[in-house]
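What the coordinates show
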Amino acid sequence: MIKYKYYFKKPRSEIIKDILKWLAAAGMVYIAASSPYFTLNLIKAFKKGKLFQKKKVYNAFYRLRKEGCIEVKKKKHQIYIALTEKGKRKAGWLQINDLKIKRPKKWDGKYRLVIFDIAQIKKVYREAFRGKLKELGFFPLQKSVWIIPFDCRDETELLKEFFGLSDRELRLIIAENIGKDGFLRKIFRT
């Protein structure tokens, strides 16, 4: 029986995204500096056995460090890798970019309304928030009232946290009856 070793080929930009996501999830990474298999152990830890080409990983770490997204510190023969504030912002955007609302096989008959009132001084956030709602599949009932018939509690909380919105600025309401909803059923195909 012949065993093959597959190298998972990804562009450097995808490797950088993976590293940022992993570091964001882990918070801070603790690795033995004396290990000659530093890169391979790190890769295996966050890709469960799939290997990248070593050079691409080294280049990705170098680039992230050069851009100020990660900081690498060595203390008593240990290496600590952590996201900087800039890295946390970049990782946050990556998490927001991958956000999707799952459409269940059977609709539960409830609508989710996102109601927001974001101040004029946060106009950029308001417009970006609206754009993200549209991208996620929400439908605007009014400028600041958007609706979707699928569970989106986790996604809404993530957006709320990412944009730094308070409970007064953003609410998620779950409603069983919103009146005549024939046009919404056509839009969402429920």
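Refer to the preceding data block for the structure.
Notes on the structure follow. (Residues numbered from 1 in each chain as written. Predicted model: local features only at pLDDT ≥ 70, side-chain atom pairs only at ≥ 80, totals over all residues. Heavy atoms only, no water.)

1. What about the overall build of the chain?
Along the chain, the regular secondary structure elements total seven helices and seven strands. Going from N to C terminus, the chain has its helices and strands arranged as α-β-α-α-β-β-α-β-α-β-β-α-β-α. Looking at the chain alone, contacts between residues at least 24 apart form 68% of all its contacts between residues at least 6 apart. Within the structure as shown, the chain displays about 13200 Å² of accessible surface, and the carbon and sulfur contribution to it stands at 53%. (Helix = DSSP H or I, 4+ residues; strand = E, 2+ residues; numbered from the N terminus. Contact = heavy atoms within 4.5 Å. Areas by Shrake-Rupley, 256 points an atom, 1.4 Å probe, with all protein chains shown as cover.)

2. With respect to a negative patch on the surface
On the surface, a cluster of negative charge is made up of D151, D154, E157 and E161. Along the chain, E157 turns up in helix α6 (residues 153-162). (Patch = residues over 30% accessible without salt bridge, like charges linked within 9 Å, V, L, I, M, F, W, Y side chains within 5 Å. Salt bridge = Lys/Arg side-chain N within 4 Å of Asp/Glu carboxyl O. Lys, Arg positive; Asp, Glu negative; His and termini not counted. Charge placed at Lys NZ, Arg CZ, Asp CG, Glu CD.)

3. Examining the side chain of R112
Secondary-structure assignment places R112 in strand β4 (residues 111-116). By relative accessible area, R112 is classed as buried at 6%. A distance of 3.2 Å separates the side chain of R112 from the backbone oxygen of P149, its partner in a polar contact. Leave out the neighbours within four places in its chain, and R112 touches F138, W146, I147, I148, P149, F150, D151, C152, L172, I173 and I174. (Buried < 20%, exposed > 50% of the residue type's maximum accessible area, 1.4 Å probe, protein only. Polar contact = N/O pair within 3.5 Å; in protein donor to acceptor, adjacent residues only side chain to side chain.)

4. Quick word on the environment of G68
Mapped onto the elements of the fold, G68 is located in the loop between α3 (54-66) and β2 (70-75). We classify G68 as partly exposed; its relative accessible area is 28%.

5. Side note on the sheet that holds β4
The strand order across the open sheet formed by four strands is β5-β6-β4-β7, and the pairing between neighbours is antiparallel. The open sheet has two edge strands with one neighbour each: β5 (139-142) and β7 (170-175). Neighbour-to-neighbour, the strand axes of the sheet open up by a mean angle of 30 degrees, direction not taken into account. Packed onto the sheet, helix α5 (residues 123-136) meets β4, β6 (145-148) and β7 and runs at close to 170 degrees relative to β4. Here α6 sits on the sheet in contact with β4 and β7, set at roughly 170 degrees to β7. (Pairing = 2+ DSSP bridges. Axes fitted to C-alpha atoms, helices over the stretch in contact; angles between N-to-C directions.)

6. Describing the pairing of β4
In terms of burial, β4 is a largely internal element, five of the six residues being buried. The pairing of β4 with β7 spans six bridges and is antiparallel. Bridged to Y111 within β7 is A175. Here four bridges tie β4 to β6, and the two strands are oriented antiparallel to one another. Pairing of R112 across the sheet is with I148, part of β6.

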